[in-house]
Amino acid sequence: MKFIKNHLMFILPLMAILLGIEFYLVFDRTTDSYEKGLKEGYTMLVVTRKPITLEQLRAHNDHIASMKAIKRESIVSEAAQGISKESKAEILKSLPYFYNVGLDSYLGTRELEHIKEDLEKDPVVKRVETFGSSYSSAYRLFSFIKFLLKVFIGFMGIVSLFLIIKQMEIWKYAHQERMRVMEIFGAPLMLRSGVLFKVAIFDAFIATMLTSGVFLYVKFVWAAQSGIDLMVEKQNELFKMTDMAILLGVALLLVIIAVYMVVFSAKGEEE
Amino acid sequence: MSNVISAKNLTLAYDNGRKEIIKNASFNIRKGDFVFITGPSGSGKSTLLKALYGQLKPKSGNLIIGGVDLANVKPKKLQELRTHMGIIFQDYKLINEWTVAKNVVLPLMIAGYSIDVQNTQAHRLLKHVKLAEYADKYPLELSGGEQQRVGVARALAKNPVLILADEPTGNLDDYSSNVIWDLMENACQQLETTVLVVTHKIPTIFSLPYRHFIIESKGVYEVH
């Protein structure tokens, strides 16, 4: 019973870290297309008096990456239904030119305003509409949620790491007599702390398997039965075999750091 | 004969040097010497022993063992030096989670001997201390005298140059004590191992010539 308790006290905080990491990986993958849509789907509207080329716009600002002309005919036919052909031709003649302009990266409101000012300096440009506030608020809300998730996972990670180190110290006390005897007989640090490494690495494997098990269950059982379209659609993204390698790598790294911290602090006490 | 231990103006202290236990002690111990160190309780016998296996750094002076000055020894060198020592404790200091055989071969394990060599040596050593049939038992299943014989077997495992013993018979009955003294006498006589024993009382039946040091009023003096 004590044996199981000792191991659970180590495995559970380690699992908390691994669950956090895996949750972030899954969140990142499933929302990737949404984030891309927000970033790449954004265009600003440029209205010009005369036809204009991409190079002409780029000359004003380097962030401009693409440009697509909006068909004036379709605007007229939408806006002037039931009007004679001559009148339509007249409207078309007086209608300015419309372009959807794409940017090379996500930019803040201030940068968008800067691009707007640059473009409006050109006498050919009649008006620039950035849709800055709606674009920015959607993306910022998403970024904020992602940031909160990172903070939460980071905080959980730090707390869990402290719990792991605490548990490791308990193990150190449990094995202290043995380590001291080995030290007196000249055992090097690695040999006398070998038992801590063995137990910690074993628990890292167990924690990785349990975490992977949770996400495999979510992927193959829960997601399939949930009836949520997004879950069914993104089922393959919920857990990948490479995730297991990432989790194992992180778990091993964490336990090795924890063992080193405890072992070297013990060394300091002895000398 | 060459000196195995050489102390010159040795001062040992606790509490960051504030509490001096031994002051300005000078003595030499040669290869093959059997040495008893006696003194009243709290005189500093165990403190001296601690300094000899490098657990306590001298406050001042020199303490040279096998050419290594323990006042300025690097951890790696001390570690190496300890592999040439066999240490016996009053409270045995066996590893209770390990079998008797594994305890005995600890010095061989540290030296990196193969499992086969360790098994052969464990059998030989336990036979030597008349505990061959206890190889697979655990220390807590043995009596105090038997545990101390395991401790002696462990100390002898790597044919050390120096055996340091801290009250090795302090907790034992007369029969067990005599067995322990016999084992240490044999080591000294047959292998020319230097043996240094800290004890309250020198055994009445002791066949080897020995040297006797007494610790008194912070000094270490040889009794002739």
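Criteria and thresholds
Residues numbered from 1 in each chain as written. Chains lettered and ligands numbered in written order. Predicted model: local features only at pLDDT ≥ 70, side-chain atom pairs only at ≥ 80, totals over all residues. Helix = DSSP H or I, 4+ residues; strand = E, 2+ residues; numbered from the N terminus. Contact = placed C-beta atoms within 7 Å. Axes fitted to C-alpha atoms, helices over the stretch in contact; angles between N-to-C directions. Parallel < 35°, antiparallel > 145°, perpendicular 65-115°, else oblique. Left-handed = near helix turned anticlockwise from the far one by under 90°. Nonpolar A, V, L, I, M, F, W, Y, C, P; charged D, E, K, R; others polar. Buried ≥ 20, exposed ≤ 12 C-beta atoms within 10 Å, placed from the backbone. Pairing = 2+ DSSP bridges. Expected span 1.5 Å × (residues − 1). Arc of directions from axis to C-beta. Core = buried A, V, L, I, M, F, W, Y, C linked by C-beta atoms within 7 Å. pLDDT = per-residue confidence, 0-100.

**Section: the overall build of chain B**
Helix and strand counts for chain B stand at 7 helices and 10 strands. Within chain B, counting contacts between residues at least 6 apart in sequence, those at least 24 apart form 69% of the total.

**Some remarks on the packing of helix α1 (residues 2-30) of chain A against helix α9 (residues 194-226) of chain A**
Each packed pair of helices is defined by two parameters, the angle between the axes and the distance between the axes. Residue and element names in this part refer to chain A. For the pair α1 and α9, the least separation of the axes is 9 Å and the interaxial angle reads 45 degrees. It follows that α1 is oblique to α9 by the angle criterion. Here α1 runs over α9; the crossing is right-handed. Every residue of α9 that contacts α1 at His7, Phe10, Ile11, Leu14, Met15, Leu18, Leu19 and Glu22 is listed here: Asp203, Ala204, Ile206, Ala207, Thr208, Leu210, Thr211, Val214 and Phe215. Residues that form the contact of α1 with α9 fall into these classes: 12 nonpolar, 3 polar and 2 charged.

**Re the interface of chain B and chain A**
Between chain B and chain A, the contact holds 12 residues from the first and 9 residues from the second. Of all the secondary structure elements, the ones that give two or more residues to the side of chain B that touches chain A are α2 (75-82) and α4 (106-111) of chain B. Taken together, the residues of the side of chain B that touches chain A break down into 6 nonpolar, 2 polar and 4 charged.

**Considering the pairing of strand β6 (residues 85-88) of chain B**
All names here are of chain B. Where burial is concerned, the two faces of β6 agree: the one with Met85 and Ile87 and the one with Gly86 and Ile88 are both buried. In this sheet, strand β7 (residues 162-166) lies alongside β6 in parallel orientation, the contact comprising 4 bridges. Pairing of Gly86 across the sheet is with Ile163, part of β7.

**A closer look at the sheet that holds strand β5 (residues 68-69) of chain B**
All names here are of chain B. The sheet built from 4 strands is open, its strands ordered β2-β1-β4-β5 with antiparallel pairing. Every other strand in the sheet has two partners, leaving β2 (19-30) and β5 as the edge strands with one partner each. Taken together, the 8 bridges between strand β1 (residues 3-14) and β2 define a ladder with antiparallel strand orientation. Counted as the bridge partner of Ile5 is Ile29 from β2. Against the sheet, helix α1 (residues 45-52) touches β1, β2 and β4 (60-65), its axis set at about 120 degrees to β1.

**Some words on the sheet that holds strand β4 (residues 125-129) of chain A**
One key point about sheets: their strands pair by backbone hydrogen bonds, in either a parallel or an antiparallel sense. All names here are of chain A. Taking strand neighbours across the sheet as the criterion, the 4 strands line up as β2-β3-β1-β4 in an open arrangement whose pairing is antiparallel. Looking along the sheet, the strands with just one partner apiece sit at the ends: β2 (64-70) and β4. Across the sheet, the mean angle from the axis of one strand to that of its neighbour is 25 degrees, orientation sign disregarded. Against the sheet, helix α6 (residues 109-120) touches β1 (43-48) and β4, its axis set at about 170 degrees to β4.

**Things to note about helix α7 (residues 174-191) of chain B**
All names here are of chain B. Taking 1.5 Å of rise per residue, the 18 residues of α7 would be expected to cover 26 Å, and the 25 Å separating its terminal C-alpha atoms lies within 8% of that figure. Turning to α7, its buried residues are Ile180, Leu183, Met184 and Ala187. The arc that holds every buried residue of α7, seen down its axis, measures 90 degrees, which confines them to one face. Exposed positions of α7 whose direction lies more than 90 degrees from the buried face are Asp174, Tyr175 and Gln190. Residues of α7 that are buried make contact with α6 (144-156), β7 and β8 (194-198). Just past α7, the residue Glu192 takes up positive phi, approximately 60 degrees.

**Topic: the nonpolar core**
Most often, soluble globular proteins keep nonpolar side chains buried together rather than apart. By size, the foremost hydrophobic cluster in this structure holds 69 residues, and its most contacted members are Val104(B), Leu126(B) and Leu164(B). Take this core: its biggest share by element is 6 residues, from β1(B). Ignoring sequence-local partners within four residues, the contact set of Leu126(B) consists of Val100(B), Ala101(B), Val104(B), Leu131(B), Ala132(B), Tyr134(B), Ala135(B) and Ala153(B). Counting residues in each nonpolar core, the second largest holds 21 residues, with Ala204(A), Leu254(A), Val255(A) and Val262(A) among its members.

**Describing the confidence of the model for chain A**
Per-residue confidence for chain A averages 83 on the pLDDT scale, and 94% of its residues sit at or above 70. Per-residue pLDDT, averaged within each element of chain A, yields its smallest value for helix α2 (residues 32-40) of chain A (71) and its largest for α9(A) (89).

**Comments concerning the confidence of the model for chain B**
Residues of chain B with pLDDT of at least 70 account for 100%, and the chain-wide mean is 91. Across the assembled chains, the prediction reports ipTM 0.87 with pTM 0.69.

**Overview of the environment of Gln189(B)**
Residues and elements named next belong to chain B. Here Gln189 lies in helix α7. For Gln189, a count of 14 C-beta atoms within 10 Å corresponds to the partly exposed category. Through-space distance from the C-alpha of Gln189 to that of Gly32 is 7.6 Å; in sequence the pair is 157 residues apart.

**Re the packing of α6(B) against α7(B)**
Residue and element names in this part refer to chain B. One way to put it is that α6 packs onto α7 with a least axis distance of 9 Å and a crossing angle of 10 degrees. Relative to α7, the element α6 is oriented roughly parallel. Contacts between α6 and α7 involve Gly145, Gln148, Arg149, Val152 and Leu156 from the former and Ser176, Val179, Ile180, Leu183, Met184 and Ala187 from the latter. Broken down by class, the residue content of the contact of α6 with α7 amounts to 7 nonpolar, 3 polar and 1 charged.

**As for the environment of Ile163(B)**
Residue and element names in this part refer to chain B. Of note, Ile163 is situated in strand β7. Among the residues examined, Ile163 registers 24 C-beta atoms within 10 Å and is labelled buried. Once you skip the residues sitting within four places of it in the chain, Ile163 turns out to touch Gly86, Ile88, Ala155, Met184, Ala187, Thr193 and Val195.

**Digging into unusual backbone geometry**
Residue and element names in this part refer to chain B. Look at Asp15: it is not a glycine, yet its phi comes out positive at around 55 degrees. Residue position: Asp15 is located in the loop between β1 and β2. The backbone of Tyr92 sits at a positive phi, close to 65 degrees, despite the residue not being glycine. As for its position among the elements, Tyr92 is in the loop between β6 and α3 (100-104).

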